[in-house]
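Structural characterization, general
Listed here are the chains, written in short residue letters.
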Amino acid sequence: MKDCKQKIKTYFVTIPAHKFLHIKNYESVGYWDFWQKQSLIPGQDCETICGLLDGISGKLDDMGGGEANGGSGQIMAYINDPSGRICSWGIPLAECYGVRLPIDYAGEVPPQMLLIDVPEGEYLVFEHEPFDYEKENQIVEEKIEAAMKSYDYAASGYCLDTTPGRIFYFYHDPERFFKYVRPVKKTS
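Thresholds applied
- Residues numbered from 1 in each chain as written.
- Predicted model: local features only at pLDDT ≥ 70, side-chain atom pairs only at ≥ 80, totals over all residues.
- Heavy atoms only, no water.
- Helix = DSSP H or I, 4+ residues; strand = E, 2+ residues; numbered from the N terminus.
- Rg over C-alpha atoms; globule rule 2.2 N^0.38 Å.
- Buried < 20%, exposed > 50% of the residue type's maximum accessible area, 1.4 Å probe, protein only.
- Contact = heavy atoms within 4.5 Å.
- Areas by Shrake-Rupley, 256 points an atom, 1.4 Å probe, with all protein chains shown as cover.

A few words on the overall build of the protein. The helix and strand tally for the protein stands at 4 helices and 11 strands. In terms of C-alpha radius of gyration, the protein reaches 16 Å, essentially the compact-globule figure of 16 Å for 188 residues. Dimensions of the protein, computed from the C-alpha atoms along their principal axes, are close to 45 × 45 × 30 Å. Going through the 188 residues of the protein one by one, you find that 46% of them count as buried. Within the protein, contacts between residues separated by at least 24 positions form 73% of all contacts whose residues are at least 6 apart in sequence. Total accessible area on the protein is roughly 9,600 Å²; 53% of this is exposed by carbon and sulfur atoms.

So, in structure tokens, the structure goes:
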């Protein structure tokens, strides 16, 4: 078991243009609330959506895992959306669940899902190494939240990019990592 005393790694990445196939919720607050609210919408419950997403080939984050949001290529995301609820980061967001796909994806789009183009962009990653989900999940989540809140953007020469349409990705795979991938842009 990895020790939860490890620090959060932060690093910048450029993510190439891609597509994001997803469902979206403007009212949910977090993973469990998201799925509870989606379960009230016909055809958008967790089992149905995860099954549909499992059937999509060519997912960019697919590590061959069978668990949703943990190696199967399925991820939570937050889209900067003026119609979204104001989150704890002070940004209007819509919570989403879906898969990242190659920019040239031309396959099926289930009728209850949305497919959007995501342009190439720079992102700041906050990442914790593998951990014991049962014993450490809450601690790791708190550490990541604290690291994101206290990050000195001014010193990095970047700021959080809150342009409508930019996407924050959230990866939760305790055997590999817990990480947020946040869109950023250079400051003048």
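A word on the environment of V118. Turning to its location among the elements, V118 is positioned in strand β7 (residues 114–118). On the basis of relative accessibility, which here comes to 3%, the residue V118 falls in the buried class. Sequence separation between V118 and H18 is 100 residues; the distance between their C-alpha atoms is 5.3 Å. With sequence-adjacent residues up to four places away left out, V118 is seen in contact with A17, H18, F20, Y123, I167 and Y169.

Taken by themselves, the reported measurements are silent on function.
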